[in-house]
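Examination of the molecular architecture
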Amino acid sequence: QVQLVESGGGLAQAGGSLRLSCVVSGRTFSTLFMGWFRQAPGKERGFVAAINRSGSSTYYTDSVKGRFTISRDNEKNMVSLQMNSLKPEDTAVYYCAASTRSTMFPATPAWYDYWGQGTQVTVSS
């Protein structure tokens, strides 16, 4: 059984930084395409960032480009999301997701097979 466990959420001030981590177990990590999504109250779950299996390609939604960085460590079975220059609109529950599929639709939640439980990120103004 594949499990994804996020950590690192919390409270930050606008302009501050947080680092999210997601540890994966139950499957060879290097076979998984990984993504981060977020969901604010009353809104649909939206794409934040994704990274391919080797870590050689990354993808970001426009609103986080230049502020967030996704990375992975295939030795530690971990994917991370470094979030800098945080804004109040970044406040949401952040979810780690994993896909086993070959054809890539990294921004589509339905393309992912496994999800973490989510971690809250709150940015105060």
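Read on for a plain summary of the structure. (Residues numbered from 1 in each chain as written. Predicted model: local features only at pLDDT ≥ 70, side-chain atom pairs only at ≥ 80, totals over all residues. Heavy atoms only, no water.)

1. Describing the packing of aromatic side chains
Put simply, the test is: Each pair of aromatic rings taken from Phe, Tyr and Trp, with Trp reduced to its six-membered ring, is defined by centres within 6.5 Å and is described as stacked if the planes are under 30 degrees apart, edge-to-face if over 60, and tilted in the remaining cases. Secondary structure elements are taken from DSSP: a helix is a run of H or I of four residues or more, a strand is a run of E of two residues or more, and numbering for both begins at the N terminus. The buried label applies to any residue whose accessible area, calculated with a 1.4 Å probe on protein chains only, is under 20% of its type's maximum; exposed applies above 50%, and partly exposed to all values in between.
If you walk through the whole model with that rule in mind, you get 7 aromatic pairs. Ring geometry for Phe33 versus Trp111: centroids 5.0 Å apart, planes at 75°, classification edge-to-face. Here the residue Phe33 occupies a position in strand β4 (residues 33-39), and Trp111 occupies one in the loop between β9 (92-99) and β10 (114-115), the gap between them amounting to 78 residues. With respect to class, Phe33 is no different from Trp111; both count as buried. With a centroid separation of 5.1 Å and an interplanar angle of 80°, the aromatic rings of Phe37 and Tyr112 are classed as edge-to-face.

2. Some details on the sheet that holds strand β7 (residues 68-73)
Spelled out, the test is: The pairing criterion is simple: DSSP has to find at least two bridges between the two strands. A fitted line through C-alpha atoms represents every axis, and for helices the fit uses only the stretch in contact; the resulting angles, taken between N-to-C directions, go from 0 to 180 degrees.
Reading across the sheet, the 4 strands line up as β1-β3-β8-β7 and stay open at both edges, with antiparallel pairing between neighbours. Of all strands in the sheet, those with a lone pairing partner are β1 (3-7) and β7, marking the two edges. Strand-to-strand twist in this sheet, taken as the mean axis angle between neighbours without regard to direction, amounts to 15°. Both strand β3 (residues 18-25) and strand β8 (residues 78-83) contribute to a ladder of 6 bridges, which runs antiparallel. Residue pairing in the sheet places Val23 in a bridge with Met78 of β8.

3. A look at the side chain of Ser80
Condition: Contacts are residue-level and defined by heavy atoms, with any inter-residue pair within 4.5 Å sufficient.
You can see Ser80 is positioned in strand β8. Every residue in contact with Ser80, bar those within four places of it in the chain, is listed here: Arg19, Leu20, Ser21, Trp36, Thr69, Ile70 and Ser71.

4. Focus: unusual backbone geometry
If you check the backbone angles, Asn77 has positive phi at about 55° while not being a glycine. We classify Asn77 as partly exposed; its relative accessible area is 27%. Phi is positive for Ser85, which is not a glycine, with a value near 50°. Of note, Ser85 is situated in the loop between β8 and β9.

Such coordinate-based values are descriptive only and should not be taken to indicate function.
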